[in-house]
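# Descriptive structure summary
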Amino acid sequence: MRFMYGRYGVDSLGKFLIVMALAAMLIAGWADSSILSLLSWFCIIYAYFRMFSRNVYKRSSENQWYLNKTAKIRNFFARQKYMISQRKTHRIFKCPTCHQKIRVPKGKGKIEIRCPKCNTKFIKKS
């Protein structure tokens, strides 16, 4: 525990590097590619270098750069996960006029839905 005192540790970029290195190792073993094998070893060495680094400011700025570059992708998957969890209790309809998404609770039968954006009314079964 004292060994890691003052060192940076694992972050999102480090986890990504390790996962990519393991995937590259598996593909390199299957395809017998020395280039992928070298790339995977480079990723693992760099990930461990980042973990044991004492330059916390530099490593956190690298991680922040990575998080900024992958924000759109991570938000897309987070929204998809949220939509899947909502499908158990709600139905989601699109307004026929402005295509705004409207969330309605399930099991209410035929209801009249009013779009909050354009005030268009339409009837759907929830």
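Keep in mind that this is a model prediction, so the values were computed, not measured. (Residues numbered from 1 in each chain as written. Predicted model: local features only at pLDDT ≥ 70, side-chain atom pairs only at ≥ 80, totals over all residues. Heavy atoms only, no water.)

## As for unusual backbone geometry
- Although it is not a glycine, Asp32 sits at a positive phi angle of roughly 55°.
- When you line up the elements, Asp32 lands in the loop between α1 (12-31) and α2 (34-52).
- A relative accessible area of 72% means that Asp32 is categorised as exposed.
- Not every positive phi belongs to a glycine, and His99 is a case in point at roughly 65°.
- Among the structural elements, His99 can be located in the loop between β1 (90-94) and β2 (101-105). (Helix = DSSP H or I, 4+ residues; strand = E, 2+ residues; numbered from the N terminus. Buried < 20%, exposed > 50% of the residue type's maximum accessible area, 1.4 Å probe, protein only.)

## Looking at the pairing of strand β3 (residues 110-114)
- Across five bridges, the pairing between β3 and strand β4 (residues 121-125) is antiparallel. What sits directly across from Ile113, in β4, is Phe122.
- Where β3 folds back onto β4 in an antiparallel hairpin, the turn is made up of six residues, including Asn119, whose phi is positive at roughly 65°. (Pairing = 2+ DSSP bridges.)

## Things to note about the environment of Tyr8
- Its place among the elements puts Tyr8 in the segment before α1.
- Distance from Tyr8 to Ser53, taken between C-alpha atoms, is 5.7 Å for residues 45 residues apart in sequence.
- When sequence neighbours within four positions are dropped, the list of residues in contact with Tyr8 reads Arg50, Met51, Ser53, Val56, Arg59, Ser60 and Asn63. (Contact = heavy atoms within 4.5 Å.)

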